Amino acid sequence: MLTPAIVPLHETAWLIRWPPGIDAATNARVHACAAWLRRHAPIGLLQIVPAYDSLLVEFSTTVLPQMQEIEAWLQWAVQQASMHAPEMPSAEVQIPVCFDHALPNDLEFLAANLQLPVQEILTRCISATYQVFMLGFLPGFAYMGPLHESLVMPRRSQPRVVKAGAVAMADGQVGIYPRTSPGGWHILGYTPLRMFDAAATTPALLQPGMSVRFEPISFTQYQALL
Amino acid sequence: MSLRILKPGVLDTVQDVGRFGYSHLGLGPAGAVDEWAMATANTLVGNAPHLPVIEMNGPSASMLFLQATCVAVAGACAAMLVGGLPMPTNRAVLVPAGTPLRIMGGWQGQRLYLAVAGGLEVPPVLGSASQHVQAGIGQALQAGEELAYKALPCSASLQPRMLPYFFAPLPASQVLPAITGPEWNSLTTLEQAQLLQANWVVQPQSNRMAVQLAASVPARPSRSMVSAPVSRGTVQYLPNGQLLVLAAEHQTIGGYPRVLQLARHGWSALAKAMPGQALRWQLISLPAARQALAEQQKLLVRMQSAVAYALSAHGLPTYFYQHGH
């Protein structure tokens, strides 16, 4: 298994980089490495931030005098982590989603552009298990995939206001908007669940590396769960 | 409650060093944009450098100290009235209960930080007092809002009184020190040279998320990049030829090439730069950047030692070991 490259990003941080691309296998290695580093972290670790094919490992300025030792540890640790098989995915999370047209979505638009009936689009979305590649853009916004290749659509050229809970897709990925915000993805439906709550013990419902499935619910069920 | 906001500026917020450990959830650290100015204001009143302060964006602000305290304001150059008396910034001022403070308009530079002895006591969210309005944590300070701090445990005079010590602020600089970024080599040699030779002008859209810089540099074709982690100080090269230097409330992941990384000891110079100001980049090595940061840390320790002596000579406590909340 190829050991990834380690490059400094700034005075107290490094990037760990795997071959570029968005794919589940590489991303699983990113999360396995992150988990290993977290378990064996030395003093001064501030945060570990995963993305599709790279990982940021950042240390506090309080350990600025130890950067060479920490870099040596990181080289060793990343090699150790890459020798272990990727972790088994965590338990599946079911997200209830209302695809009912009572809530404005882009299903008709997608059907016309993908040349697929709406029902077929929904079947393909619901039958898949998605991996959370990373979180970013907004607190609690999870980038998930892979989406079925027949459903790949570029993002909208003009973003518009997207309501909180919108389950949307673009470029072969699925995401859920944790709050009302401008967005350029195509809306499939809405979840009544709160994706991010700074006051909660676990602030984000979805974490990098999790497995996710969508469970269709009716408009009435959606309103009851809000 | 101890401090009442009479008239806030635009987007004045409580900040500390920020909240770490949640970037993997899309929640970046936030915190004070000008970390050095915050550390200076805190050190002047005997605080650990990262205790909660008020970050002010102007154009002016006024507040009332309901309880006696020691206050310091640092950052931009601004005129200030404390209890109706003109007082300089970058000094510790003892104020009796009931003293108003007014920051006048017409600043030179951006962002002012106000610290009180012992720090503002603000209930932390996810371990930090930093308000991160973009992320839905906290909101801008409102007129009439009150913040808590511990009253200074000594009898103050009837008038505000400036303490005699001061520290020269960091010299103003038009030069931004930077190390090369992960995508520096995706630029051609010509593009690299153009970037380093250009005068980059701060754009008015700059805010707590990022500082936008524009120069007469040709736009480049958009080269897609798989989104990757970024940090404060990361310099992104936009397809329209502009640069985006990520600031306190940056998004945690970015899809634009990371061509440079602003050295940490240069964050303060950028934080102070006003719209219209021209700046230039200067490439330095990573060891040089670490060395300069270490020097800045040593400077802070020297300031703390001087303040420790001075405050104890005045019978006042220090809070160098206090953590937030």
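Reading guide: rules and limits
Residues numbered from 1 in each chain as written. Chains lettered and ligands numbered in written order. Predicted model: local features only at pLDDT ≥ 70, side-chain atom pairs only at ≥ 80, totals over all residues. Heavy atoms only, no water. Patch = residues over 30% accessible without salt bridge, like charges linked within 9 Å, V, L, I, M, F, W, Y side chains within 5 Å. Areas by Shrake-Rupley, 256 points an atom, 1.4 Å probe, with all protein chains shown as cover. Salt bridge = Lys/Arg side-chain N within 4 Å of Asp/Glu carboxyl O. Buried < 20%, exposed > 50% of the residue type's maximum accessible area, 1.4 Å probe, protein only. Phe/Tyr/Trp six-rings, centres within 6.5 Å; stacked < 30°, edge-to-face > 60°. Helix = DSSP H or I, 4+ residues; strand = E, 2+ residues; numbered from the N terminus. Axes fitted to C-alpha atoms, helices over the stretch in contact; angles between N-to-C directions. Parallel < 35°, antiparallel > 145°, perpendicular 65-115°, else oblique. Left-handed = near helix turned anticlockwise from the far one by under 90°. Contact = heavy atoms within 4.5 Å. Nonpolar A, V, L, I, M, F, W, Y, C, P; charged D, E, K, R; others polar.

A. Focus on a nonpolar patch on the surface. A cluster of nonpolar side chains, namely V10(B), L11(B) and V133(B), defines an oily patch on the protein surface of about 230 Å² accessible area. A relative accessible area of 36% means that L11(B) is categorised as partly exposed.

B. Region of the structure containing the packing of aromatic side chains. All names here are of chain A. Scanning the entire structure with this criterion turns up 14 aromatic pairs over all chains. With 5.9 Å between their ring centres and 80 degrees between their planes, W14 and F59 make a pair best called edge-to-face. With W14 in strand 2 (residues 13-17) and F59 in strand 4 (residues 54-59), the pair connects residues that are 45 residues apart, well separated along the chain. For the pair W14 and F59, one class covers both residues: buried. When the centroid spacing of 5.3 Å and the interplanar angle of 90 degrees are considered together, the rings of F137 and F141 count as edge-to-face.

C. Up close: the packing of helix 1 (residues 24-39) of chain A against helix 2 (residues 67-83) of chain A. Residue and element names in this part refer to chain A. Orientation of helix 1 relative to helix 2, taken along the N-to-C sense of each, is 125 degrees, at an axis distance of 9 Å. One way to sum up the angle between helix 1 and helix 2 is to call them oblique. The two elements helix 1 and helix 2 meet at a crossing, and its hand is right-handed. Counted together, C33, W36 and L37 of helix 1 and W73, L74, W76, A77, V78, Q80 and A81 of helix 2 form the full contact between these two elements. The class makeup of the residues in the contact of helix 1 with helix 2 is nine nonpolar, one polar and no charged.

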